[in-house]
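# Tertiary structure, described
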Amino acid sequence: MKVVFERPESLLGNKTIYCPGCNHGIIHRLVAEAIDELGLRESTVGVAPVGCAVLLYDYFNFDIVEAPHGRAPAMATAMKRVRPNLTIFTYQGDGDLASIGMAEIMHAANRGDSLTVVFVNNANYGMTGGQMAPTTLPGQKTTTTPMGRVEKQHGFPFRMAEIIGGLPAVAYSSRVSVTNPKNIMKAKKAIKKAFENQVNDKGFSFVEVLSTCPTNWGMSPVDAIKWIDDVMSVYYPLGVFKDIDEEVQK
Amino acid sequence: MSDKVLMKGNEAIAEAAVRAGLVGYFGYPITPQNEVTAYMSWRMPELGRAFVQAESELAAINMVYGAGATGVRVMTTSSSPGIALMQEGISYMCGAEVPAVIVNITRGGPGLGNIGPSQCDYNQATRGGGNGDYKLLVYAPHTIQEAIDLVYKSFDKAEKYRNPVMILGDGALGQMAEAVVLPEMREIVDEDKGWELNGAKGRAPRSVKSLRLAEGKLKEHNWHLKRKYDEMEANEVEYEYLENDYEILIVAFGTAARVAKSAIKTLNEDGLKVGLFRPITISPYPYDALRDASKNAKKILVAEMNTGQMLFDVKLAVCDDSKIEFIGKPGGEVFAPDEIIEKVKNMVGG
Ligand SMILES: Cc1ncc(C[n+]2csc(CCOP(=O)(O)OP(=O)(O)O)c2C)c(N)n1
Ligand code: SF4
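Fair warning: this is a prediction, and the values are worked out from it, not measured in the lab.

### Describing the sheet that holds strand β12 (residues 274-279) of chain B
All names here are of chain B. What the five strands build is an open sheet, ordered β10-β12-β11-β14-β15; its pairing is mixed. Lying at the two open borders of the sheet, with one neighbouring strand each, are β10 (239-242) and β15 (324-328). On average, each strand axis in the sheet is inclined to that of its neighbour by 20°, with strand direction left out of account. Note: strand β11 (residues 248-251) against β12, four bridges, orientation parallel. Counted as the bridge partner of L249 is G275 from β12. Against the sheet, helix α12 (residues 337-347) makes contact with β11, β12, β14 (299-304) and β15, and its axis sits at roughly 155° relative to β14, the strand it touches most.

If you want it as structure tokens, here you go:
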């Protein structure tokens, strides 16, 4: 019998604590597949965020360090500098990366170390119960924007993939989603490239993944997927915002 | 012949760390410790080691946390308001048991305060400062040579206990220059210690973390940490005790103790019986030794460049408040020996 589908070696068999319909699980799998395919499992150290993905060490079959809220990129910079042979990636939510850790991500990207950042944008703070994030959409209701996000009061959402893509030391910045098989394939390609760039010492690589939070959005898993396709992807267009390889080809 | 060199305190601290086998230095500028960062910016790359000027103290201490979690020797240095920002990372490192050396060349506070030498961060250094049940091993050197030796030693202690170690100096120590002897350059050995994150090659994956959600796990961990601090208390307490025949015992640490030494010399010459007790570790505090020393004293004078922070520990050790007097110098200034001399003379009814 031919095996056509099995768990990647980089993923442990543990059940995740994520809510039904949450995309964190799919994104973990894509990260694990990319690491397996590049043969990096035994040289990788992941940096876990504070947020729903805090328990990465329960899910990944390689070394994990757990960062304080938002500080993962600073840790990653130093880890790469003292052990350049390791593959270092951070896995961060939008509250973690774009709010409390905004300084750390901007400076790590700007230093241009060959690091990989997987940025999970679910337009709210999942773990603490659905408060406004820097990525919450205009008009979107959260527990701290009960009347919907109003730009004049709450400011505008940050488009992180575009912002990071604008920095000179960045090798790659893109935005993907995992709402259907085609998008999942694209997301996989982007994540794999972000790791490949690290292996080839090309510079900082960033992948923003639009992700569901059915629990806090108050939607069914199916409606949450639809909301990403119909609403979120309009405000946050999928695509590549920087790729130094493309520039070379031009 | 000893190889004495004239060095500024901050630069001597930097070189001592380099010689101890430092692999990564991460810092953010703040007076009066800037010479450390400047020194490291050329010294570390020259040796093929890592130097990063962080974007903030928050980033600096988390760089230390990350690099330390991979099992190499790491350090940061800062001064009071910077250390205040680092408390988040220090708490995480204690929770996750990541060794590192943190140097605080203090200035006057609270807030932005001033850039003068002060001892006003004693409580912050010895009582935690960040959240949670944790303690640091804290050394308070009073000369540059002692600072060099303690920095060099701190890395071993940090690794032994898997806990950050702090060197608490002040602006005077950092800024003055003295003739010193530097320790030997240690070879960097990268042997697996069994906990660090260096890629799960041929072994089960490891994690370095402070989160402990499962029922009872945090309680268990905090008792484990407490046992570690008890072990430090049993093995690491250090103090200097000028055990001459005394009626008055001065208790002081760091720069204040250095000034007290000159004051005591004069007082002894004037025929007054004055001794010195100088804690070298201010955490764990040498309570037992001070309790014993206090028995021979009619009066005890606590001299600190603050409004009275170690005073609390002296009271805990001595258990007789009526014996204890205090002289303070808050606001980023060093005592003049005369101030201490005058105070002692008043105490003996002069
Ligand atoms: C210093 C600090 N502030 C606040 C918190 C509380 N906190 C935990 S998770 C979180 C939000 C995480 O949201 P996000 O990064 O978007 O991740 P998600 O849970 O949505 O995956 C917050 C604010 C904390 N743990 N530490
Ligand atoms: S709260 Fe939201 S982000 Fe967190 S696990 Fe549940 S669905 Fe996922």
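### Observations regarding the UniProt feature "domain: Thiamine pyrophosphate enzyme TPP-binding" (unreviewed entry) in chain A
Sequence positions flagged by UniProt for "domain: Thiamine pyrophosphate enzyme TPP-binding" (unreviewed entry) are, in local numbering, residues 64-209 of chain A. Structurally, residues 64-209 of chain A is divided into 39% helix and 21% strand, and its ends, taken at the C-alpha atoms, are 21 Å apart.

### Quick word on the interface of chain B and chain A
Taken residue by residue, the interface counts 38 residues in chain B and 32 residues in chain A. When chain B packs against chain A, close to 2,700 Å² is buried across both sides, 61% of that on carbon and sulfur atoms. Counting the contacts that link chain B with chain A gives four salt bridges. With its nearest N and O atoms 2.8 Å apart, the salt bridge here joins B:E55 to A:R111. Seen at the junction of chain B and chain A, the total is 15 residue pairs in polar contact (both at pLDDT 80 or more). Broken down by secondary-structure element, the contributors of at least two residues to the side of chain B that touches chain A are β2 (24-27), β3 (50-53), α3 (57-69), α4 (80-96) and β9 (207-208) of chain B. Looking at the side of chain B that touches chain A, the element that brings in the most residues is α3(B), giving eight residues. In the side of chain B that touches chain A, the residues fall into 19 nonpolar, eleven polar and eight charged. Taken together, the two bridges between strand β2 (residues 63-66) of chain A and β9(B) define a ladder with parallel strand orientation. Of the residues in β9(B), the one forming a bridge with A:V65 is B:V208.

### Some thoughts on the domain arrangement of chain B
Residue and element names in this part refer to chain B. Looking at chain B, the domain boundaries give domain 1 (5-235) and domain 2 (240-347). Each of domain 1 and domain 2 has a C-alpha centre, and these two points are 28 Å apart. Facing the 31 residues of domain 1 at the interface are 27 residues of domain 2. Of the roughly 2,300 Å² buried between domain 1 and domain 2 on both sides combined, carbon and sulfur atoms contribute 50%. When the area that domain 1 buries against domain 2 is broken down by residue, the three leading residues are Q119, Y122 and H142, summing to 35%. Linking domain 1 with domain 2 are three salt bridges, by the criterion used here. Between the two partners, domain 1 and domain 2, sit 21 residue pairs in polar contact (both at pLDDT 80 or more).

Calculation rules
Residues numbered from 1 in each chain as written. Chains lettered and ligands numbered in written order. Predicted model: local features only at pLDDT ≥ 70, side-chain atom pairs only at ≥ 80, totals over all residues. Heavy atoms only, no water. Pairing = 2+ DSSP bridges. Helix = DSSP H or I, 4+ residues; strand = E, 2+ residues; numbered from the N terminus. Axes fitted to C-alpha atoms, helices over the stretch in contact; angles between N-to-C directions. Contact = heavy atoms within 4.5 Å. UniProt positions renumbered as here; feature names shortened; annotations may be inferred. Buried area = accessible area lost by both parts, 1.4 Å probe. Salt bridge = Lys/Arg side-chain N within 4 Å of Asp/Glu carboxyl O. Polar contact = N/O pair within 3.5 Å; in protein donor to acceptor, adjacent residues only side chain to side chain. Nonpolar A, V, L, I, M, F, W, Y, C, P; charged D, E, K, R; others polar. Domains from an automatic or database assignment.

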